[in-house]
Amino acid sequence: AAKASDASALPSSFILQNVWHDDAPIAHFLRWPSEGRGLFFSVTNPFGKYLFRSSSQLYKGGYEAKTSYQPKFVASSSHTTDRVMIGFTALSKYYFERSNVNTGERLAFTRCVSHFLEDKASRSKLGTMKVNVAWDESDFQIDVGTPAGRHEYKRIIDRNHQLGVTHMVYGPRNTLHSNILNDTDDYKWEHVLWFSLGEQIREGRFDPATDPIPNDILDMVHYARSKNVSLLAYVYPLCVHWSKFPEAWVGGWTDISMPGVKDWLLSTLKAFIHKTGAKGFASDCGYVNDAPDNPRRYSQWRAWQDIIKALRKEFPDIIMDHRSSAHKWGPWHQLSGSYDEPLSGDENPETYGVPIASLSTDHVAADMLRQVNYKYAAFQLIPAVRIPGFMFHQTERTADNGTSPCFYEKPCFNNNTRDFDLLGYKYSVISNIGTAGLNNVLCMIPARDFKEYSLFPKEDLHFISKWLRWTDEHISYLENTVPIATLDMANLGSVDGTAAMASSDEGFLFLFNPNLVPMSVSIVIDESIGISNSSRQSSWVLSEIYPRSLPNVSFYYHSDAIQVTLEPSSAMVLSLFKQINVTKDFAGARTGVVGPAGKEVSFQLNHPTLIGDEAISFNGVQCSKEIDDGRDDDGNAKLQIMFGDGSLAVSHAMPLGDQLPSSQNTGGKFSTTFEVPISVFIQLMERENAYPIDWQSAERFATWLIPQRLLAYIFIANPDDSWSLKAKLDGESVTVHKAYNSRGVINGRTFTGFYLDLNELEIAPDVSYHLELNLPHRLPRGAFQGIFLHNLETSLTGNVTRCAIKTDS
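Residues numbered from 1 in each chain as written. Predicted model: local features only at pLDDT ≥ 70, side-chain atom pairs only at ≥ 80, totals over all residues. Heavy atoms only, no water.

Regarding empty space enclosed by the protein
Rules: Buriedness of a pocket was judged along seven lines, with at least five required to meet protein on both sides within 12 Å; pockets are open sets of points on a 1 Å grid over the protein atoms alone, cavities are sets where a 1.4 Å probe fits but cannot get out, and lining residues have an atom within 4 Å of a point. Grid points are joined across faces, edges and corners, and a volume is the space filled by probe spheres set on the points. Numbering goes from the N terminus for both helices and strands, where a helix is a DSSP run of H or I of at least four residues and a strand is a run of E of at least two. In this count, Pro and Cys sit with the nonpolar residues alongside Ala, Val, Leu, Ile, Met, Phe, Trp and Tyr, while Asp, Glu, Lys and Arg are called charged and the others, Gly among them, polar.
One pass over the structure, following the stated rule, counts 6 cavities of 30 Å³ or more. Of the voids in this model, the largest cavity is the one considered here, and its volume is about 130 Å³. Taken together, 15 residues line the largest cavity, and the ones lying closest to its centre are Arg370, Tyr374, Thr435, Pro483 and Thr498. Looking at the lining of the largest cavity, the elements that each hand over two or more residues are α9 (361-378), β17 (481-483) and β18 (496-501). Considering every element that reaches the lining of the largest cavity, the biggest residue donor is α9, with 4 residues. Partitioning the lining of the largest cavity into residue classes produces 7 nonpolar, 5 polar and 3 charged. Lining the second largest cavity are Val235, Leu269, Phe281, Ser283, Trp304, Ile308, Leu311, Met320 and His322. Put simply, the parts of the chain that give the lining of the second largest cavity at least two residues each are β14 (280-283), α7 (297-314) and β15 (319-322).

Focus on the pairing of strand β4 (residues 48-53)
Defined as follows: To sort residues, take the accessible area from a 1.4 Å probe on protein chains only and compare it with the maximum for the residue type: under 20% means buried, over 50% means exposed, and anything in between is partly exposed. Pairing between strands requires that DSSP locate at least two bridges from one strand to the other.
Residues Gly48, Tyr50 and Phe52 point to one face of β4 and are all buried, whereas Lys49, Leu51 and Arg53, pointing to the other face, are not buried. Looking at chain direction, β4 and strand β5 (residues 58-63) are connected through 6 bridges and run antiparallel. Note on β5: the bridge partner recorded for leucine 51 is lysine 60.

Considerations on the sheet that holds strand β32 (residues 667-674)
Put simply, the test is: Fitted lines through C-alpha atoms give the axes, limited to the stretch in contact for helices. The angle between two N-to-C directions lies from 0 to 180 degrees.
Spatially, 4 strands are ordered β32-β38-β34-β35 in an open sheet, and the strand pairing comes out antiparallel. Whereas interior strands pair on both sides, the edge strands pair on one side only; in this sheet they are β32 and β35 (732-734). Neighbour-to-neighbour, the strand axes of the sheet open up by a mean angle of 25°, direction not taken into account. Bridge count between β32 and strand β38 (residues 769-777): 7 bridges; the pairing is antiparallel. Across the sheet, lysine 669 pairs through a bridge with asparagine 774, a residue of β38.

Everything listed here is a matter of geometry and, on its own, says nothing about what the molecule does.
See below:
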């Protein structure tokens, strides 16, 4: 207890609740804002209870560990309690608005958690996690008990090898060893567990400690290993009724804390790794029976922690992919694991819905990922090394006719095997790396469908593998990834982003614009992006490394503001590295510069007097020094770079028509006149020639497939599929289509909005058309944002035609 001389010295008290669990608080913070410091207390399990009496300045923290075993089950008379951590915090001036956590509190707390992580040596050897969760490409539809199934599955392994992926969650069915009709779990996945040996292990017919692993299973393990890919087994800890322990089956769950059960499960997992060569597990279906009346919640949680701790000790390099309820248990749940639960729940489109509407399924998933990872970082205070990625998307499991092939005892058939989002995946890659670059979890990859596999563009393979390698090369930056404190999480109406700064106070900014219109943002170089006050006297050079290549385009001092504009529905990666001599370092030639064809890009120069007389050039074009009499005399300058090749230039999400609706509109009637330039049709034709897949009619329901078609997206925020929209083109009624993130499955939860198929309407290039829309009345103000062309990519070029540095005087 600290004594205070006056009331102003009393600390404020703040308990950080768990955003996903009402009864699992994260920590208790005490703050002395006037002194810029504080304390935190955290019980190192999810069951902490905290109390602070300001009058006496008495603090209490602890937890209750209950059990209800009869004495005959008690195997030991002693128990080591969990720690209560006490840490000091240095308060910054920034708080994450949604969670009310100070950035200094997050830094101190995550450093504390990171101290106890048990895979640090392994990660320093293995690099970043690169895991393909193959159930996201519906690998459970593949029967590897047949030659055709083994051939198809090896194609998935081959594609992972090409991408640089090192691990796969392996969960195909195998009719040589299991049958879905024998499954006892509610979800009917048991036949794919434990490399298809799950049913036999549950029944006691197979023991990995004594029985040989079937040769066909070992063949797949060895084939994967020959491609530098290791396999992870899919397992259920709780929701399997193990025949060996009938008394442990309580309320539809196996109580793994019961003496004997935990030891058996651990020894079975160990034997399985030794015998099969598996390099880890993906565990699902829960770890704790979280029913409020379950008296064994703590003991079950502790039993699972003991299991994974022992696994990590014996097999330090394994990967443990935790699913189901893993996201609920907070920062101390993953000390021995590898990363937390991607998307904080099931990945199927119906589960997470549509946080931000888009015709691109990878954009929908990426926006959801960034929302979830913001919560992991700002609410649960998960260290960056445990925040999970989610790259691409899970293929819709349900067929368009409503059946569910290969699960819930339904007949098996191939469904949605071709589903890669060719034009949306880059946004997803950067979203994963920008929020969880140490844990790259890849979902649906282009492999199962032979045409999609064989015709997948080499430049896209290179893009994915290049960025995965980039994560290995920049671990010291990515391990400090944090949301930018002055930005909200992913939402319409704003830009969101993260910063990844090394201990040297330099690194990268990842910015995202989920809106269908350009958005500008201002970022201050200070603690809001993880740069410490010890660098107050430093200066930095700014470069853009994605989507354009614009090296050394501006320079800044501590507390300066970076101002950039992001194009619609896009991601941007900036680098900030320190420089020694501003004048000297800003001068010189830049090569490899790439920008938008036919457009000008500009960057503010806050300190023009420091620009020397030495030549500055971009791709061989020297920048002129000019006076801009039309600018306000704000003391700043501007670097302007003009790119050529504009005659056939195309921009992503180009507005359809000569006007956008008023930001005050509430729906009703809207009309516009438009022409689609020939350059749009040329880009689509080139894509069709480069990616000549024989698309089928049913694939038209997936708006991210058939990327050579031209769609016009009628963007309304938070659309409702019960609405009715009508359209006329040159006075004739035309069809307004509805889009779903679940392909042809009609589900209001996955509704992404309305669109026109301009190919269907036989729109010709450079011809004027008049479009009338009849929208729902009384929409939220500004919800209708316009009509935008979908399936276009911004044309990029290295042809710099002009460069100028413009100053006021």
